[in-house]
Amino acid sequence: MVQPVPKKMTREQKEEKVEEFTEKIEGHPVVGILDMQNLPSRQLQQMKKEMKEFADIKMSRKTLMQISIEDAEKEEIDQLEDNDATQPAFIFSNKDPFQLYQLIQENKTSAAAQGGETAPNDIVVPEGDTGIGPGPMLGKLQQAGLQVQVDDGSIHVQKDGVIVEKGETITADDAEILNQMGIEPLEIGLTLDVAYNDGELFSAEELDIDTEQYRTDVEAAASQAFNLAVNAGVINE
């Protein structure tokens, strides 16, 4: 996992870090707070490398990040302090918040469960041939609530079944089943908690939009407005 920032820093080092963060806050239109909790260090380094063209990620002690926010001369920037990140980090970008959120989402990868994690979504075992021969796994699948039977020498799931619901803890037995079936239910990646842009603060929920559906809705609204204008006899340039 991402290692905590070393506690021992000289006064000079702290001041330099605050100054660096303050300059970056003032020099970028978009400043976000990421939550680095449970993110493996190796994956973080890889993601920072892949995202360097559109984002700069920096982390340090919470107190130093807070001071840099307070020192920055930017309208309503103190809103950034209102975040729920357990292990916060800054992300600086020239992309707008919605683009940044989508790019962060696109850089997430799937990962296997080990047991003890919280299910991010309902975890479904699909209908079909598991490729697993009859044995102890048959009983474990049945105990997990799945409808199964042995056919042509392997276990077949008769119907899609949820073995762990969203928000529940993935047990060691659940993890064994998922790993045997090649299902990777976890997502590894950066989590954007909030993002600041031009005096406004956006939550992850506000930034999580379906861009294709949004485009479709705008096109439909434009078409309906045109039809209304024609039928009402409203004509202008």
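Residues numbered from 1 in each chain as written. Predicted model: local features only at pLDDT ≥ 70, side-chain atom pairs only at ≥ 80, totals over all residues. Heavy atoms only, no water.

A. Fine view of the packing of helix H5 (residues 136-143) against helix H6 (residues 172-180). Where H5 contacts H6, the axes come no closer than 11 Å and their chain directions differ by 120°. What the angle tells us is that H5 and H6 run oblique. Handedness of the H5/H6 crossing: left-handed. Contacts between H5 and H6 involve Met 137, Lys 140 and Leu 141 from the first element and Glu 176, Ile 177 and Gln 180 from the second. Among the residues making up the contact of H5 with H6, the classes are represented as 3 nonpolar, 1 polar and 2 charged. (Axes fitted to C-alpha atoms, helices over the stretch in contact; angles between N-to-C directions. Helix = DSSP H or I, 4+ residues; strand = E, 2+ residues; numbered from the N terminus. Parallel < 35°, antiparallel > 145°, perpendicular 65-115°, else oblique. Left-handed = near helix turned anticlockwise from the far one by under 90°. Contact = heavy atoms within 4.5 Å. Nonpolar A, V, L, I, M, F, W, Y, C, P; charged D, E, K, R; others polar.)

B. Up close: the sheet that holds strand S6 (residues 128-129). What the 3 strands build is an open sheet, ordered S6-S8-S7; its pairing is antiparallel. The open sheet terminates on both sides in strands that have one partner only, identified here as S6 and strand S7 (148-151). As defined by bridge partners, S7 adjoins strand S8 (residues 154-157) across 4 bridges and the pair is classed as antiparallel. Its bridge partner lying in S8, Asp 151 is registered against Ser 154. Here H5 sits on the sheet in contact with S7 and S8, set at roughly 155° to S7. (Pairing = 2+ DSSP bridges.)

C. Structural context of the packing of aromatic side chains. One pass over the full model with this rule turns up 3 aromatic pairs. Between Phe 21 and Phe 90 the ring centres are 5.2 Å apart and the planes differ by 75°, which places this aromatic pair in the edge-to-face class. A residue pair is termed long-range when its members are at least 10 positions apart, and Phe 21 in helix H1 (residues 11-27) and Phe 90 in strand S3 (residues 88-93) qualify at 69 residues. Phe 90 carries the same exposure label as Phe 21, and that label is buried. A relative accessible area of 0% places Phe 90 in the buried class. Connected via pairs of aromatic rings, a cluster forms that spans Phe 21, Phe 90 and Phe 92. (Phe/Tyr/Trp six-rings, centres within 6.5 Å; stacked < 30°, edge-to-face > 60°. Buried < 20%, exposed > 50% of the residue type's maximum accessible area, 1.4 Å probe, protein only.)

D. The arrangement of the side chain of His 156 in detail. Looking at where His 156 falls in the secondary structure, it is placed in strand S8. Using a relative accessible area of 18% as the deciding quantity, one classes His 156 as buried. Among the polar contacts listed, one links the side chain of His 156 to the backbone oxygen of Asp 151, at a separation of 3.2 Å. Beyond its immediate chain neighbours, meaning those up to four positions away, His 156 contacts Gly 128, Asp 129, Gln 147, Val 148, Gln 149 and Asp 151. (Polar contact = N/O pair within 3.5 Å; in protein donor to acceptor, adjacent residues only side chain to side chain.)

E. Representation of the sheet that holds S3. Sheet architecture is open: 5 strands sit in the order S2-S3-S1-S11-S12, paired in antiparallel fashion. In this open sheet, the two edge strands, each paired with only one partner strand, are strand S2 (56-58) and strand S12 (200-203). For this sheet, the mean inter-axis angle between neighbouring strands, taken without regard to orientation, is 25°. Most of the contacts of H1 go to S3, to which it runs at about 40°, and overall it touches strand S1 (30-35), S2 and S3.

F. Spatial organisation of the confidence of the model for the protein. Counting all residues, the mean pLDDT for the protein is 91, and 97% of those residues have values of 70 or more. No element of the protein has a lower mean pLDDT than strand S4 (residues 109-111), at 84, and none a higher one than S3, at 97. (pLDDT = per-residue confidence, 0-100.)

G. How the structure looks around the pairing of S8. Burial along S8 is two-sided: Ser 154 and His 156 facing one way and Ile 155 and Val 157 facing the other are all buried. Where S6 and S8 come together, 2 bridges link them in antiparallel fashion. The partner of Gly 128 across the bridge, within S8, is Val 157. Taking the residues that link successive antiparallel strands as the turn, the S7-S8 hairpin has 2 residues, and the phi of Asp 152 there is positive, at about 55°.

H. Representation of helix H3 (residues 62-71) in the model. All of the buried residues along H3 are Leu 64, Met 65, Ser 68 and Ile 69. Looking down the long axis of H3, one finds its buried residues gathered within 140° of arc, a one-sided arrangement. Contacts made by the buried residues of H3 are with H1, S1 and S3. (Arc of directions from axis to C-beta.)

I. Representation of the side chain of Asp 174. Residue position: Asp 174 is located in helix H6. Summary of buried charges: Asp 174 has no salt-bridge partner, and the nearest side chain of opposite charge, Lys 140, is 11 Å away. (Lys, Arg positive; Asp, Glu negative; His and termini not counted. Salt bridge = Lys/Arg side-chain N within 4 Å of Asp/Glu carboxyl O.)

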